Amino acid sequence: AARVAHCKKEFNKAAGLYEDFILASRRLRHKTTGSQALESAYRLTEIYRWIDRRRDLAEAYAKMVAIWDEAKITEADFDADLVDFKLRRINDLLWSARYAALVGEFDRAQQHAERAIKLVKKLEPPARSINSRQLKTLREYQVEGRHILAFRVAIERGQLTSALAQVELAMTIEGLDQSW
């Protein structure tokens, strides 16, 4: 029903149905619905982006992070290899951090950016065997996490020394292209 409403561009109805499904899945502790709840959260973020509801979008990303934390989702649920699966989780943490900062929830933004950076470090070689595309993405995510901590959290809080420290840490990451 949510997808039908979504396709018909009945965004408020679809958002409500996705929210209801996510809530029901969380109540059931995601026993068989974790990956579906996560997909519903992705669709919810699409809707909130389209209709420009930033606070709701920040909350949808927070729900997405909670689903990742609560549900026993595996790479098999998404037909992905382990590294790409973990990159998806890191990306979701970074998006959650971005939107939390955008709506002034700096503690959550900081927490999610720091968690993303920790997950990146767990995947770095030689901890894992990864291909060049995955390595490039890992490095970009690490820099993005530092960027969020510096420019979306520390500067907004007036913590210029902390912001500078994050920028300096980001500059030590090897293999980045000139756009960073």
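Each remark here, short or long, concerns the structure printed above.
The rules behind these values
- Residues numbered from 1 in each chain as written.
- Predicted model: local features only at pLDDT ≥ 70, side-chain atom pairs only at ≥ 80, totals over all residues.
- Heavy atoms only, no water.
- Helix = DSSP H or I, 4+ residues; strand = E, 2+ residues; numbered from the N terminus.
- Rg over C-alpha atoms; globule rule 2.2 N^0.38 Å.
- Buried < 20%, exposed > 50% of the residue type's maximum accessible area, 1.4 Å probe, protein only.
- Contact = heavy atoms within 4.5 Å.
- Areas by Shrake-Rupley, 256 points an atom, 1.4 Å probe, with all protein chains shown as cover.
- Lys, Arg positive; Asp, Glu negative; His and termini not counted.
- Charge placed at Lys NZ, Arg CZ, Asp CG, Glu CD.
- Patch = residues over 30% accessible without salt bridge, like charges linked within 9 Å, V, L, I, M, F, W, Y side chains within 5 Å.
- Salt bridge = Lys/Arg side-chain N within 4 Å of Asp/Glu carboxyl O.
- Polar contact = N/O pair within 3.5 Å; in protein donor to acceptor, adjacent residues only side chain to side chain.
- Axes fitted to C-alpha atoms, helices over the stretch in contact; angles between N-to-C directions.
- Parallel < 35°, antiparallel > 145°, perpendicular 65-115°, else oblique.
- Left-handed = near helix turned anticlockwise from the far one by under 90°.
- Phe/Tyr/Trp six-rings, centres within 6.5 Å; stacked < 30°, edge-to-face > 60°.
- Lys NZ or Arg CZ within 6 Å of the ring centre and 35° of its normal.
- Core = buried A, V, L, I, M, F, W, Y, C linked by side-chain atoms within 4.5 Å.

(A) Quick look at the overall build of the protein. Scanning the protein for helices and strands turns up eight helices and zero strands. Along its sequence from the N terminus, the protein presents helices and strands in the succession α-α-α-α-α-α-α-α. The globule rule puts the C-alpha radius of gyration for 180 residues at 16 Å, and the 17 Å found for the protein is close to it. With respect to the three principal axes, the spread of C-alpha positions in the protein is 50 × 40 × 30 Å. Within the protein, buried positions represent 43% of all 180 residues. Restricting the contact set of the protein to residue pairs at least 6 apart, pairs at least 24 apart contribute 64%. Accessible surface for the protein amounts to roughly 10100 Å². Of this, 50% is attributable to carbon and sulfur atoms. The averaged location of the 26 negative side-chain charges in the protein is 3 Å from the averaged location of its 31 positive side-chain charges.

(B) Up close: a nonpolar patch on the surface. The grouping of Phe 151, Ile 155 and Leu 160 at the surface amounts to a nonpolar patch, some 280 Å² of accessible area in total. With respect to the helices, strands and loops of the structure, Phe 151 is situated in helix α7 (residues 132–154). Among the residues examined, Phe 151 registers a relative accessible area of 39% and is labelled partly exposed.

(C) Examining the environment of Asp 69 more closely. Within the secondary structure, Asp 69 is located in helix α4 (residues 54–70). A relative accessible area of 40% places Asp 69 in the partly exposed class. For Asp 69, the contacting residues outside a window of four places in its chain are Arg 89 and Arg 115. Reaching out from Asp 69, the side chain makes a polar contact with the side chain of Arg 115 at a distance of 2.6 Å.

(D) Region of the structure containing the side chain of Ser 40. Here Ser 40 is to be found in helix α3 (residues 34–50). Those residues in contact with Ser 40, other than ones at most four positions away along the chain, are Tyr 18, Phe 21 and Ile 22.

(E) Focus on the packing of helix α5 (residues 82–102) against α7. Between α5 and α7, the least distance of the axes is 10 Å, while the angle of their chain directions is 20 degrees. In this view, α5 runs roughly parallel relative to α7, as classed from their interaxial angle. For the crossing formed where α5 meets α7, the hand is left-handed. Residues Val 83, Asp 84, Leu 87, Ile 90, Asn 91, Leu 94, Ala 97, Arg 98 and Ala 101 of α5 lie in contact with α7, whose contacting residues are Arg 133, Gln 134, Thr 137, Leu 138, Tyr 141, Glu 144, Gly 145, Ile 148 and Arg 152.

(F) Representation of the packing of aromatic side chains within the structure. Following the criterion strictly, the structure yields five aromatic pairs and no others. Chaining the aromatic ring pairs together yields one cluster made of Tyr 61, Trp 95 and Tyr 99. Taking NZ or CZ as reference, Arg 49 lies 5.0 Å from the ring centre of Trp 95, over its face. Seen from the ring of Phe 78, Arg 88 lies directly overhead, with NZ or CZ sitting 4.1 Å from the centre.

(G) Here's a closer look at the nonpolar core. Counting 27 residues, the largest nonpolar core has Leu 38, Leu 44, Ile 47, Tyr 48, Met 64, Ile 67 and Ile 73 as its most contacted members. Elements with a contribution of two residues or more to this core: α1 (2–7), α2 (11–27), α3, α4 and α5. With residues near it in sequence (within four places) discarded, Met 64 still touches Leu 38, Ala 41, Tyr 42, Thr 45 and Asp 92. The next biggest cluster of nonpolar side chains, apart from the first, holds 22 residues, and it includes Leu 94, Leu 138, Tyr 141 and Val 153.

(H) Representation of the packing of α4 against helix α6 (residues 106–123) within the structure. Running from amino to carboxyl end, α4 crosses α6 at an angle of 40 degrees, the nearest separation of the two axes being 12 Å. Looking at the two axes, α4 sits oblique to α6. Handedness of the crossing formed by α4 with α6: left-handed. Listed contacts from α6 to Ala 58, Glu 59, Ala 62, Val 65 and Asp 69 of α4 are Arg 108, His 112 and Arg 115.

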